[in-house]
Amino acid sequence: ERVRDSDANVIIFGETGCGKEVVARQLRGKTPDGAPVPFVAIDSSTIQSSMAESRLFGHEKGAFTGAEQAVKGLFEEANGGIIYFDEIGNMPLDIQSKLLRVIQEQEITRLGSPRTIQLSFRVIAATNRDLEDLCKKGEFKYDLFQRLNVIPIRIPSLKDRKEDIPLLTRHFVARTKKRND
């Protein structure tokens, strides 16, 4: 609750399956009219270098073969809210460099466009990997780690917090029921 109203970036550390995305979604605030702010989730391991810029930053009509219309990127979709990078330790290095600049400047440039678009977003990243170790090995950008690691949250393994199992069970049952209604 203390972190929810902050606009600081967050990294959530924890083993696979411990509930990192559940925690990330709990950090989602509300707009002044009470609606939830945007929350855009990205599986970092699925971002491929060839289409990453278009997917993350959008593109203009004609920017490349097959770009028949302008398309917003995921950062624009998250404007005013949260962009969540799941398993950020799996993101390719070349994409990390581009991500670093966008986080630092809070602006993007769509592919094929000469103008920048100012945005307002908060980044929440999650990982089951040791990012500091990846930085030492040259597999993760240290500057990006520093930008993201403003508020670190470490989630213990589910085996170390058995009292959370009923709460998580209710959450997933409710989510499944909502999807099936």
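It should be noted that the structure appears before, not after, this text.
Residues numbered from 1 in each chain as written. Predicted model: local features only at pLDDT ≥ 70, side-chain atom pairs only at ≥ 80, totals over all residues. Heavy atoms only, no water.

*Asks:* Got a minute to help me understand the side chain of Asn9 in this structure?
*Replies:* With respect to the helices and strands, the residue Asn9 is situated in the segment before β1 (10-13). By relative accessible area, Asn9 is classed as buried at 12%. Reaching out from Asn9, the side chain makes a polar contact with the backbone nitrogen of Val123 at a distance of 3.0 Å. Setting aside residues no more than four positions away along its own chain, Asn9 makes contact with Ile103, Arg122, Val123, Arg147, Leu148, Val150 and Ile151. (Helix = DSSP H or I, 4+ residues; strand = E, 2+ residues; numbered from the N terminus. Buried < 20%, exposed > 50% of the residue type's maximum accessible area, 1.4 Å probe, protein only. Polar contact = N/O pair within 3.5 Å; in protein donor to acceptor, adjacent residues only side chain to side chain. Contact = heavy atoms within 4.5 Å.)

*Asks:* How should the sheet that holds strand β8 (residues 121-127) be read in this particular structure?
*Replies:* Either a parallel or an antiparallel arrangement is found when strands of a sheet pair, and the pairing is made through backbone hydrogen bonds. The strand order across the open sheet built from 5 strands is β2-β5-β8-β1-β9, with neighbouring strands paired in parallel fashion. In this open sheet, the two edge strands, each paired with only one partner strand, are β2 (39-43) and β9 (151-154). On average, each strand axis in the sheet is tilted by 20 degrees relative to the strand beside it, whichever way the strands run. The pairing of β1 with β8 spans 4 bridges and is classified as parallel. Pairing of Val10 across the sheet is with Ile124, part of β8. (Pairing = 2+ DSSP bridges. Axes fitted to C-alpha atoms, helices over the stretch in contact; angles between N-to-C directions.)

*Asks:* Mind showing me how you'd approach helix α4 (residues 93-105) here?
*Replies:* A rise of 1.5 Å per residue sets the reference length of α4, with its 13 residues, at 18 Å; its end C-alpha atoms lie 19 Å apart and thus fit the reference within 8%. Among the residues making up α4, those that are buried are Ile95, Gln96, Leu99, Leu100, Val102 and Ile103. With its phi angle positive at about 55 degrees, Gln106 sits one or two positions after the end of α4. (Expected span 1.5 Å × (residues − 1).)

*Asks:* I tried to follow the pairing of β1 on my own but got confused; where do I start?
*Replies:* The two faces of the sheet receive side chains in turn, since in a regular strand these alternate between them. Here β1 shows two buried faces, one formed by Val10 and Ile12 and the other by Ile11 and Phe13. When β1 meets β9, the two strands line up parallel, connected through 4 bridges. Bridge pairing in β9 places Val10 opposite Ile151.

*Asks:* How should the environment of His59 be read in this particular structure?
*Replies:* By the element assignment, His59 lies in strand β3 (residues 58-59). Linking His59 and Gln69, residues 10 residues apart in sequence, is a C-alpha distance of 8.2 Å. Those residues within four positions of His59 in sequence are excluded, and the remaining contacts are Ser54, Phe64, Ala67, Gln69, Ala70, Val71, Arg110 and Leu111. Among the polar contacts made by the side chain of His59, one reaches the main-chain carbonyl oxygen of Gln69 at a distance of 3.4 Å.

*Asks:* Please explain the pattern of salt bridges as it appears in this structure.
*Replies:* Working definition: two side chains of opposite charge can pair if their charged atoms are close together. Within the structure shown, the criterion is met by 9 salt bridges. Asp133 is the salt-bridge partner of Lys137, the closest N and O atoms lying 3.2 Å from each other. Classification of Lys137 as exposed rests on a relative accessible area of 52%. What makes Asp133 partly exposed here is its relative accessible area of 31%. (Salt bridge = Lys/Arg side-chain N within 4 Å of Asp/Glu carboxyl O.)

*Asks:* Hey, could you run me through the packing of aromatic side chains in this one?
*Replies:* For any pair of aromatic rings, geometry is given as the distance between the ring centres together with the angle between the planes. Counted under the stated rule, the structure contains 5 aromatic pairs. A centroid spacing of 6.1 Å and a plane angle of 45 degrees characterise the contact between Phe75 and Phe85, whose relative ring orientation is tilted. Here Phe75 is found in helix α3 (residues 74-77), whereas its partner Phe85 is found in strand β5 (residues 81-86), with 10 residues between them in sequence. Three or more aromatic residues joined by ring pairs form one cluster here, namely Phe57, Phe75, Phe85 and Phe121. (Phe/Tyr/Trp six-rings, centres within 6.5 Å; stacked < 30°, edge-to-face > 60°.)

*Asks:* Would you explain unusual backbone geometry in this entry?
*Replies:* One non-glycine residue, Glu87, lies in positive phi territory at about 50 degrees. Tracing the backbone shows Glu87 in the loop between β5 and α4. The backbone of Gln106 shows a phi angle near 55 degrees, a positive value even though the residue is not glycine. For Gln106, the position within the fold is in the loop between α4 and β6 (107-108).

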